[in-house]
Amino acid sequence: MSAKKSASKVVLAYSGGLDTSCIVPWLVENYGCEVICFCANLGQEEELSGLEAKALASGASKLYLEDLREEFITDFIYPTLKAGAIYERGVPAGNELRPASYCQEDGRDRGAGGADAVAHGATGKGNDQVRFELTVMALNPRLRIIAPWREWHIRSREDALKYAGEHNVPVTATLKSIYIATATSGI
């Protein structure tokens, strides 16, 4: 294994959806690392049921589930509303703050002491990847960032379903219902 693809402990921004569930065994296989899943509870209660079992079944060593609802509202939503921040022609900014809130905790190494890398499931089709990575770099520049969508052979949700099946990853998405809603805690 090359030095480029080496990490000992990786914290994955985990939602339990198709992408992040596939990322767990992919990281183990390609980086030879321990994977710790981290999920921020920002209010998506029903989507958190069974999340720990799913993370462990996918190959993670642990799942840390942090209740960040109060911090998210106090540290991000209220200041955004006070500032009158608007996103895309009049929509109040808010959802765009999720990566920053999540990374603030990730950058503090909450529950993942000794991690040398963080990973996310942002595809690069939107700004989540940029928000996640810049926030991690600002808060904890020693952490390496792994972005599987820039590295792996998976190019579609159909590819991800196939990968999940080949690696016994428990997912709820199917070819008929490929865009099952997942927790908004991951990226």
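Here the structure is a predicted model, which is why all the values come from computation and not from measurement.

### As for the nonpolar core
Thought 1: Residues V10, L12, Y14, L27, C37 and I146 are the most contacted members of the largest nonpolar core, which totals 33 residues.
Thought 2: Of all the secondary-structure elements, those providing two or more residues to this core are strand 1 (9-13), helix 1 (18-31), strand 2 (34-41), helix 2 (51-58), strand 6 (117-119) and helix 6 (157-166).
Thought 3: When residues in this core are grouped by element, the largest group, seven residues, is from helix 1.
Thought 4: Among the nonpolar cores identified, the runner-up in size contains 14 residues, and V11, A40, L42 and A115 belong to it.

### Structural notes on helix 3 (residues 69-83)
Thought 1: In this model helix 3 runs 20 Å from its N-terminal to its C-terminal C-alpha over 15 residues, within 8% of the 21 Å that 1.5 Å per residue would give.
Thought 2: Just past helix 3, the residue G84 takes up positive phi, approximately 70 degrees.

### Section: unusual backbone geometry
Thought 1: You will see that N168, though not glycine, has its phi angle at about 55 degrees, which is positive.
Thought 2: Relative to the elements of secondary structure, N168 occurs in the segment after helix 6.

### Focus: the environment of N41
Thought 1: Within the element layout of this structure, N41 appears in strand 2.
Thought 2: A relative accessible area of 6% places N41 in the buried class.
Thought 3: Separated by 27 residues in the primary sequence, N41 and L68 place their C-alpha atoms 5.6 Å from one another.
Thought 4: In this structure N41 touches L48, L65, E66, D67, L68 and R69, once residues within four positions along its chain are discounted.

Cut-offs and rules
Residues numbered from 1 in each chain as written. Predicted model: local features only at pLDDT ≥ 70, side-chain atom pairs only at ≥ 80, totals over all residues. Heavy atoms only, no water. Core = buried A, V, L, I, M, F, W, Y, C linked by side-chain atoms within 4.5 Å. Buried < 20%, exposed > 50% of the residue type's maximum accessible area, 1.4 Å probe, protein only. Helix = DSSP H or I, 4+ residues; strand = E, 2+ residues; numbered from the N terminus. Expected span 1.5 Å × (residues − 1). Contact = heavy atoms within 4.5 Å.

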